[in-house]
Amino acid sequence: MQSILQAARTAGRTMLSEPEAKALAAQAGLRVPRSATLRGEDEIEDALRTLGPPFVLKAMASTLVHKSDAGGVRLHLRDAAQVREALRAMRAEPRLAAHELDGFLLEEMAPRGHEFVIGGSWHPHFGPVVMAGLGGIFVEVFADVAFRICPIERIDAEEMIAELRGARVLDGARGGVVASRSALVDALMAVGGADGLLSRAGGEIVELDLNPVIVDAAHATAVDARVVLRAAA
Ligand code: ADP
Ligand code: MG
């Protein structure tokens, strides 16, 4: 963890790149998609040797916060030709033209599941705080979220999930997938537990956003990650 934080500090950045944020999450025990970073088309074939379809291609830029709003996320890519086409489309995308691209993140698609959000922030008085919510309209429209001061225990994580008004969709309401509660609790512990990312960072991380974490019957996978570090004094 320290080496990732240190590299960002040395470069004078308070914002981790998506691959850095995911590497940090993985070190804390969260599941993240297998991935490769690309600078250009000629690296696609090599990158695909280590990954299985379907693939996702994402544009990377430090100034790009909502990638999909800017045409910077392409899902369900099946082979090298489709990845190449997606990469060219991003290079030609007017909404991405304002951003200086650092390259592209090519990753495996997580299986279908429920979209969950795990967040973290630093409170001047309470220290690290962990947030849980259901993805999409549940968070954005209904603000259906639960907060706890870290470190949390498993029972706290279970209560956070149970307290969400939309929690029933996780159990497959309306014919959806049944989400693994234990995988979700594991993910919340990896962020907010005594040995979790936020406590271990000891205030270095002021903002963490895993949005979404895709939860299926077996796994919880953080497919997007944003980490903001405390500004140097
Ligand atoms: P942003 O939030 O910056 O627009 P994301 O990385 O969250 O970009 O991707 C947008 C959406 O695409 C996600 O909310 C999710 O629904 C889907 N997505 C992204 N990466 C994956 C992945 N590896 N597997 C499955 N779905 C994904
Ligand atoms: Mg996202």
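Quick caveat, the model's predicted, so the values are computed rather than measured.

Novice: How should the site of ligand 1 be read in this particular structure?
Specialist: Lining the immediate environment of ligand 1, one finds 19 residues, of which Lys58, Lys67, Ser68, Ala110 and Glu115 sit closest. Note that a nitrogen atom of ligand 1 is positioned 3.0 Å from one of the backbone N or O atoms of Glu108. Coverage of ligand 1 by the protein chains reaches 86% of its 540 Å² of free accessible surface. Those elements that place two or more of their residues in the shell around ligand 1 are β2 (55-60), β3 (73-77), β4 (103-108) and β8 (205-215). Of the residues forming the shell around ligand 1, the biggest block, three residues, is contributed by β8.

Novice: Looking at this model, I keep getting lost on the nonpolar core. Mind explaining?
Specialist: In a soluble, globular protein the nonpolar side chains are often hidden away together inside. By size, the foremost hydrophobic cluster in this structure holds 46 residues, and its most contacted members are Leu24, Phe116, Ile118, Val130, Ile205 and Leu210. Among all residues touching Phe116, those that are not within four sequence positions of it are Ala132, Gly133, Leu134, Gly135, Ile161, Leu164, Leu170, Leu184, Leu210, Pro212, Val213 and Val215.

Novice: What should I look at first to understand the coordination of the magnesium ion (ligand 2) in this one?
Specialist: As a benchmark, a tetrahedral metal site with four donors has ideal angles of 109.5 degrees, while an octahedral site with six donors has ideal angles of 90 or 180 degrees. Around the magnesium ion (ligand 2), the donor atoms from the protein are Asn211 (O) and Asp224 (OD), and they sit 2.2 Å away. Taken together, the positions of Asn211 in strand β8 and Asp224 in the loop between β9 (220-222) and β10 (226-229) put the pair 13 residues apart, joining distant regions of the chain.

Novice: Sorry, what's going on with the side chain of Ser180 here?
Specialist: Assignment of secondary structure puts Ser180 in the loop between α6 (154-163) and α7 (181-192). We classify Ser180 as buried; its relative accessible area is 11%. A polar side-chain atom of Ser180 sits 3.4 Å from a polar atom in the side chain of Ser182. Setting aside anything within four residues of it in sequence, one finds Ser180 in contact with Val215, Asp216, Ala217 and Ala218.

Thresholds applied
Residues numbered from 1 in each chain as written. Chains lettered and ligands numbered in written order. Predicted model: local features only at pLDDT ≥ 70, side-chain atom pairs only at ≥ 80, totals over all residues. Heavy atoms only, no water. Near = heavy atom within 4 Å. Polar contact = N/O pair within 3.5 Å; in protein donor to acceptor, adjacent residues only side chain to side chain. Areas by Shrake-Rupley, 256 points an atom, 1.4 Å probe, with all protein chains shown as cover. Helix = DSSP H or I, 4+ residues; strand = E, 2+ residues; numbered from the N terminus. Core = buried A, V, L, I, M, F, W, Y, C linked by side-chain atoms within 4.5 Å. Buried < 20%, exposed > 50% of the residue type's maximum accessible area, 1.4 Å probe, protein only. Contact = heavy atoms within 4.5 Å. Donors = N, O, S within 2.8 Å, 3.2 Å for Na, K, Ca; no water.

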